[in-house]
Structures are given as C-alpha cells and as structure tokens.
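# Structural description and commentary
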Amino acid sequence: IMDRSYHAGELFMQGYNCSQSVAMAFADLMGMEEATAARISSGFGGGMGHTKNTCGAITGALMVLGMLGYSDQQANALLRQVREGHGALDCASLLRTAHEQGIAKKPHCDGMVFELVEALDAILSQKT
C-alpha cells in the first residue's frame, strides 16, 4: 500500500475523522475493507464522539494494535510516547496546548494523525 501516513492524511482531508483516518490506513493489515474500518472507528473522532476525551488518532491506533494482536505493553508504550511528546492524551488538552503554541486545530489534528500512523509503522516494523 502507498505510504500510510500520506494515505491517512488524504482520508482526513476527505472528511473522515482522526480515528477513522488512522484505522482506515491500516485496514488492509487488519483484514478488512476501509469502509468497515471507517464504521468501527466512526464514534471515536474528536475525542470520542466529539467530547474531547482521548484523542481520536490515538484510539484509532489502539484499534489497529488490538486487531493485529499486539499486547497492552505495546499499547502502553504508544500512549507513553504520545504523553511524553505532548503532555496529554485527551483532545481538549492537546488542542489547548496547540492553541497556546499558535497552531490551529486543523494542522494540529493533521499532525496527530500523521504522528500516530508513523508510530504504528514503527511498532509494526519491530515485529518482523
């Protein structure tokens, strides 16, 4: 498949939410159609139903790890990486920090989608 981070960015630009964009970029590896991945992850955008809880890009990545049989250890490592990089895991805090840094919502969310796809690629490449 083409570069997954590029594909996820394209999906996000087409209007899929952050969680969908991450999950759909790995649909082939999860053994499902992109439309199925889109449906499964649809309620997680904007921090779970747009409540600004856990970032949708993160929940999308966790779905991928779960579907591919990764353990809680890998999920925790991914969460730790995001928390260390951004200071939070929830959409509200991530957006507040981005705003304080002069970064608008769209570029921030684009960046989170890209970052989580890249982090997943790194985890998946270690399993070989």
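Keep in mind that this is a model prediction, so the values were computed, not measured. (Residues numbered from 1 in each chain as written. Predicted model: local features only at pLDDT ≥ 70, side-chain atom pairs only at ≥ 80, totals over all residues. Heavy atoms only, no water.)

### Here we look at the overall build of the chain
Across its full length, the chain holds eight helices and zero strands. Helices and strands in the chain line up, N terminus first, as α-α-α-α-α-α-α-α. Its C-alpha atoms give the chain a radius of gyration of 13 Å, within 12% of the compact-globule value 14 Å for 128 residues. Principal axes of the C-alpha set define a box for the chain whose edges measure 40 × 30 × 25 Å. Going through the 128 residues of the chain one by one, you find that 45% of them count as buried. In the chain, of all internal contacts separated by at least 6 residues, the share reaching a separation of at least 24 is 61%. When the accessible surface of the chain is totalled, it reaches about 6,700 Å², and 54% of it is carbon and sulfur. (Helix = DSSP H or I, 4+ residues; strand = E, 2+ residues; numbered from the N terminus. Rg over C-alpha atoms; globule rule 2.2 N^0.38 Å. Buried < 20%, exposed > 50% of the residue type's maximum accessible area, 1.4 Å probe, protein only. Contact = heavy atoms within 4.5 Å. Areas by Shrake-Rupley, 256 points an atom, 1.4 Å probe, with all protein chains shown as cover.)

### A closer look at the nonpolar core
Counting 39 residues, the largest nonpolar core has Val 22, Ala 57 and Leu 116 as the members making the most contacts within it. Of all the elements in the fold, those that place two or more residues in this core are α1 (4-13), α2 (18-25), α3 (27-30), α4 (34-41), α5 (56-67), α6 (72-86), α7 (91-100) and α8 (105-126). If one sorts the elements of this core by residue count, α8 sits on top with nine residues. (Core = buried A, V, L, I, M, F, W, Y, C linked by side-chain atoms within 4.5 Å.)

### Let's talk about the pattern of salt bridges
Inspection of the entire model under this criterion finds two salt bridges. With its nearest N and O atoms 2.7 Å apart, the salt bridge here joins Arg 4 to Asp 28. In this pair, Arg 4 is assigned in helix α1 and Asp 28 in helix α3, connecting sequence segments 24 residues apart. Classification of Asp 28 as partly exposed rests on a relative accessible area of 41%. (Salt bridge = Lys/Arg side-chain N within 4 Å of Asp/Glu carboxyl O.)

### Things to note about the layout of surface pockets
Empty space within the largest pocket amounts to approximately 210 Å³. The wall of the largest pocket is formed by 19 residues, among which Cys 18, Gly 46, Cys 91, Lys 105 and Cys 109 lie closest to the centre. Going through the elements one at a time, α5, α7 and α8 are the ones with two or more residues in the lining of the largest pocket. Looking at the lining of the largest pocket element by element, the count peaks at five residues for α8. Considered class by class, the residues forming the lining of the largest pocket number ten nonpolar, seven polar and two charged. Space inside the second largest pocket adds up to approximately 160 Å³. Sorting the residues of the lining of the second largest pocket by element identifies α6 and α8 as the ones contributing at least two each. Tallied by class, the residues present in the lining of the second largest pocket amount to six nonpolar, four polar and one charged. (1 Å grid on protein atoms, 1.4 Å probe; cavity = no way out; pocket = protein on both sides within 12 Å on 5 of 7 lines; lining within 4 Å. Points joined across faces, edges and corners; volume = space filled by probe spheres on them. Nonpolar A, V, L, I, M, F, W, Y, C, P; charged D, E, K, R; others polar.)

Without other data, these values stay purely geometric and don't point to any function.
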